[in-house]
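# Report on the structure
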Amino acid sequence: MRSARLRPAPLLVLAAIAGLSATTVALTVANGTSLSAFVDSNGASGWISALAFGVVAVLVLSRQPGNRLGPLLAAGALLVAISGAADPYVYYALHTRPGSLPLISLAALCASVLWMTGLLVILGSLTLLFPSGRLSSPGWRWPARATGAAIVIATLAAGTTHVLVDDTVGVSVVGTPFDLPFPDGPQMALAVVCIGVVFAVALSATVGIAIRMRRVNGPERQQYAWFVASVLLLAIPMLLPIDLPETVELGVTVLAIAALGVGIVRYGAFDIEIALSRTLAYLVLTAAALAVYSVAAVAVGAQLDAGLFPAAAAGAAVLLLAAIRQRVQRAVDRLLYGDRRDPLSALTTLGDRLGAALDSDAVLPVVAETVRQTLRLPYAAVRLENDAEPACTSGEPPARTVEFDLKHAGQQVGTLVVGVRRGEVGLSAADTRLLETFAAQIGVAAHDVKVTRELRQSREALVTSREEERRRIRQDLHDGLGPTLAGISLGLESAAQRTRRADPEISALLESLGAETTAAVTEIRRIVADLHPTMLDVIGLVPALVHHAGLISSRTRGDLVVSVVAEPLPELPTAVEAAAYRITLEALTNVVRHSHAAACDVRLTMDSGLHVTIRDDGTGAVPVGPVRGAGLASMRARAEELGGACTVRFRQDQGTEVVAMLPVTAR
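The notes below deal with the structure included here. (Residues numbered from 1 in each chain as written. Predicted model: local features only at pLDDT ≥ 70, side-chain atom pairs only at ≥ 80, totals over all residues. Heavy atoms only, no water.)

Glancing now at the nonpolar core. In a soluble, globular protein the nonpolar side chains are often hidden away together inside. Grouped together as the largest cluster of nonpolar side chains are 37 residues, with contacts concentrated most on Leu541, Val562, Leu610, Ile614, Met635 and Leu662. For this core, the secondary structure elements donating two or more residues are helix 19 (541–555), helix 20 (574–595), strand 6 (599–606), strand 7 (609–616), helix 21 (626–640), strand 8 (645–651) and strand 9 (655–663). In terms of residue count, the dominant contributor to this core is helix 20 (11 residues). Not counting residues up to four positions away in its chain, the partners in contact with Leu541 are Leu536, Leu572, Glu577, Ala580, Tyr581, Leu604 and Leu610. Leu126, Trp140, Val201 and Ile264 belong to the second largest nonpolar core, which has 33 residues in total. (Core = buried A, V, L, I, M, F, W, Y, C linked by side-chain atoms within 4.5 Å. Buried < 20%, exposed > 50% of the residue type's maximum accessible area, 1.4 Å probe, protein only. Helix = DSSP H or I, 4+ residues; strand = E, 2+ residues; numbered from the N terminus. Contact = heavy atoms within 4.5 Å.)

Right, let's talk about the sheet that holds strand 9 for a bit. Spatial ordering of the open sheet is given by 5-6-7-9-8, a layout of 5 strands whose pairing is mixed. The sheet is open, and its two edges are formed by strand 5 (561–566) and strand 8, each paired on a single side. Neighbour-to-neighbour, the strand axes of the sheet open up by a mean angle of 10°, direction not taken into account. Two strands pair when backbone bridges link them, and strand 8 and strand 9 are joined in this way by 7 bridges, in the antiparallel orientation. Each bridged residue has a counterpart across the sheet, and for Phe650 the counterpart in strand 9 is Thr656. (Pairing = 2+ DSSP bridges. Axes fitted to C-alpha atoms, helices over the stretch in contact; angles between N-to-C directions.)

Moving on, we come to the environment of Val201. Along the polypeptide, Val201 turns up in helix 9 (residues 185–215). A relative accessible area of 12% places Val201 in the buried class. A sequence separation of 77 residues divides Val201 from Gly124, and the C-alpha atoms of the two residues are 7.7 Å apart. Val201 has contacts with Leu128, Trp140, Pro143 and Thr147, leaving out every residue within four places of it along the chain.

Let us now look at the environment of Gly414. Tracing the chain through its elements places Gly414 in strand 4 (residues 411–419). Counting along the chain gives 23 residues from Gly414 to Ala391, while the straight-line C-alpha distance between them is 9.7 Å. Every residue in contact with Gly414, bar those within four places of it in the chain, is listed here: Arg383, Leu384, Glu385, Phe404, Asp405 and Leu406.

Here it is as structure tokens:
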């Protein structure tokens, strides 16, 4: 991290911002402007904004060099700082030392236009790229392009008029070197439209951030919370019915910008979510109080003889706010964190998700995800008994975790591990009770998953043992009996040739025995090939399928083209490889014989198990007779003996699709 701080870009930005800020202060003092007048002017807000955003840009450039927010924030801060320094420079050149300084027109143009460009750059980049410097989805590309184009057009339109320069400088004798020789109305209207585009996109992106904040967890949620906190800080002065002192507003601006910086580079330093929840709750209550007060004031104004009505209205407002405070806080917590306090709803949600998770491999991930989302925990995991690693996890593990035993029929079957929320020492009593209730229900699911996995491992071990035995028998036949019979066949053939003239009858007998021996050798070779696919041992599953696909394409002279596509696969158990190979070959055999297809695709993918999909573009007609029963039953049996499944879909005039799922037990 220290080496990142020595990069030249952050140092140059820091030096430029510091130099421009110091120039602004020096020229302001030279012009005789008092501190109170400077604070009350727009120059103070621009000066403090440029300085604060400059510091944030330097931090991002130092700690996250690849984050595009760094250079964009730096560019925006520099533009605002240049504008802030140019404004007192123009005043100094026109009033303090008139006629002695150059580039007054250019400085006036910078003072009147660049602050707008800089703030638009900052607004657009922060809302679209917060916090990682990347768009949240490809759908934001065109709004981002529209924002960039609108900023450029607004700058050019405003910079080629003299309206802003006259308004900023206060005199019309300065002019601008880029003023176009026609009325400024259309240009200013175009600039206003472009500024509206930037604000519309920024508002949409801000709403998107608030929505995503509720859908995510962990560090990303913390970052979004800091962004929402910054927006609230900026909104509070505008929502209050009184005008705050300029110094207070400047302080709030600095805090809002600091919140953005923390959200980008130091989002885990504080627990912002609790403070944000309380702030939103009290903002709602404050708004309600103001509404009741306003209604009462209007009513009092409408009738002078109000009597006790104002006091009664105020008392009713107090009682109303006291009654709804907890409900408002609960609603805000539910909006930000989900439903923590409704055990029945939480258990119902878990039951619904478990009911939808038909695959045993999906049960525990659903459990972990439901527990974490329901309680908005940073981490949840389920570890089965006697396993060193969790069977499934959700979220990132924090520094502190709490474990709950999972039991079935009084026996320990696993452990539920949950993470403690950031900023909290431990779980609350309500959370603990709910998790204990969860654990009682999860124990049943964990037991079923454990039994299913043990059954699958037993099946796989049985099939693997069978494949190993077949491999041994194949090897014995191939290396022992096969060569022996081949030798006998050659001996019989030689003996028949030698006895052909001396005793034709014996020679014919020997030739007959030799032919039978040759047929036996051929049969042994067929048995050897059927016992265990040799290609799997030689080149592996995918190359073996590619080789077989090439053989089919060549034998059909290109009438049927078979392609094999496979993602990188881990090392598979022998039983799974053999089942996948045989199912694929059986499906391809059916394609050749019955589908009348021109193309067939074989696809292998991997998640919790191996998925094999064979899809052709044939007639999709349903085969009839014993052929259908033997082939389909064989494929289903090979998948089911491993705890998997094989389905066949016949789509009329659209081809046939075979999908086999073969579970792979974690090792």
